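Residue-level structure breakdown
What follows is each chain in one-letter form.
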Amino acid sequence: MLCVWGAHAAPNNAAHDDLDLLLIQRGVVQAVVDVGQKVGAVGQNVTSQASDLVVNAMGYLGVPYLRGGTGIQGFDCSGFVQAMYENTLGLALPHNAKAQAEATQTIQREELQPGDLVFFNTLRRAFSHVGIYVGEGKFIHSPRTGGEVRIENMSDSYWRKRFNGA
């Protein structure tokens, strides 16, 4: 079976402009630019990769949740993260939020940078949900059955209470 991660219809210019405007209004674009300015020339490659990861993930806004899903037809939370990292950075992560937490380096919430993974306790067990930090206290994820890939604010009461780490 052939699986192409990035295969999706090219948006029309109006939709692309709307997405650009949304990203600018929500501070996501500025957060990525700010990170790039902070790390300077030495970190340009890392910043570019983080920016590419976030921008790629944004291209999947609205894709439906699908339990076990890892592609454009739908994603679960860890499948979304797995696909974004594989497609954008060529990094292989497990398809399980807890296993992804175990396979990555722990960082403090204050150290979060766009592209970092954020973990939550949503099923009464640690590291049961994962998303990708996009900056300005927000993350992108595939939330649950009936939901779709979207951006959420980590300071919202629901997410703040369930944050496990990054």
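So, here's what we can say about the structure. Just so we're clear, the structure is a prediction, and the values are computed from it rather than from any experiment.

**Some remarks on the overall build of the protein chain**
Helices and strands together make up the secondary structure of the protein chain, namely 6 helices and 7 strands. For the protein chain, the N- to C-terminal ordering of α and β elements is α-α-α-β-β-α-α-β-β-β-β-α-β. Classification of the 166 residues of the protein chain by burial places 39% in the buried group. Excluding contacts between residues fewer than 6 apart, the proportion of contacts in the protein chain whose partners are at least 24 apart in sequence is 50%.

**Things to note about the pairing of strand E4 (residues 129-135)**
A regular strand carries its side chains on alternate faces of the sheet. Counting buried residues along E4, 7 of its 7 residues qualify, which places the element largely inside the surrounding structure. The sheet contact formed by strand E3 (residues 117-120) and E4 spans 4 bridges and is antiparallel. Looking at the pairing, Leu117 lines up with Ile132 of E4. With 3 bridges connecting them, E4 and strand E5 (residues 138-141) associate as antiparallel partners. Within E5, the residue paired with Gly135 across the bridge is Lys138.

**Overview of the nonpolar core**
Among the nonpolar cores identified, the biggest contains 24 residues, and Phe75, Phe80, Met84, Leu117, Ile132 and Ile140 are the most heavily contacted of them. Broken down by secondary-structure element, the contributors of at least two residues to this core are helix H3 (44-58), helix H4 (77-89), helix H5 (97-103), E3 and E4. The dominant element in this core, judged by the number of residues it contributes, is H4, at 6 residues. Listed in part, the 9 residues of the second largest apolar core include Val118, Tyr133, Phe139 and Met154.

**A short note on the environment of Phe139**
Along the chain, Phe139 falls in strand E5. The spacing of Phe139 and Asp116 is 23 residues in sequence and 9.3 Å in space, taken between C-alpha atoms. Not counting the four nearest positions on each side in its chain, Phe139 is found in contact with Val118, Phe120, Gly131, Ile132, Tyr133, Val134, Arg150, Ile151, Glu152, Met154 and Trp159.

**As for unusual backbone geometry**
Backbone geometry at Arg124 places phi at a positive 60 degrees, although glycine is not the residue there. Checked against the element boundaries, Arg124 lands in the loop between E3 and E4. The phi torsion at Glu136 lies on the positive side, around 55 degrees, for a residue other than glycine. Mapped onto the secondary structure, Glu136 falls in the loop between E4 and E5. Of the residues examined, Glu136 reaches a relative accessible area of 47% and is grouped as partly exposed.

**Description of the sheet that holds strand E6 (residues 150-153)**
Read from one edge of the open sheet, 5 strands run E6-E5-E4-E3-E7, paired in antiparallel fashion. On the outer flanks of this sheet lie E6 and strand E7 (163-165), each paired with one strand and no other. Neighbour to neighbour, the strand axes of the sheet diverge by 45 degrees on average, direction disregarded. Pairing of E3 with E7, which is carried by 2 bridges, proceeds in the antiparallel orientation. Counterpart to Phe120 in the pairing with E7 is Phe163. Along the sheet, H4 contacts E3, E4 and E5; its crossing angle with E4, the most-contacted strand, is approximately 50 degrees.

**What to know about the pattern of salt bridges**
Two side chains of opposite charge can pair, provided their charged atoms sit close to one another. By the definition in use, this model includes 2 salt bridges. Across the pair Glu152 and Arg150 runs a salt bridge, and its minimum N-O distance is 2.6 Å.

Calculation criteria
Residues numbered from 1 in each chain as written. Predicted model: local features only at pLDDT ≥ 70, side-chain atom pairs only at ≥ 80, totals over all residues. Heavy atoms only, no water. Helix = DSSP H or I, 4+ residues; strand = E, 2+ residues; numbered from the N terminus. Buried < 20%, exposed > 50% of the residue type's maximum accessible area, 1.4 Å probe, protein only. Contact = heavy atoms within 4.5 Å. Pairing = 2+ DSSP bridges. Core = buried A, V, L, I, M, F, W, Y, C linked by side-chain atoms within 4.5 Å. Axes fitted to C-alpha atoms, helices over the stretch in contact; angles between N-to-C directions. Salt bridge = Lys/Arg side-chain N within 4 Å of Asp/Glu carboxyl O.

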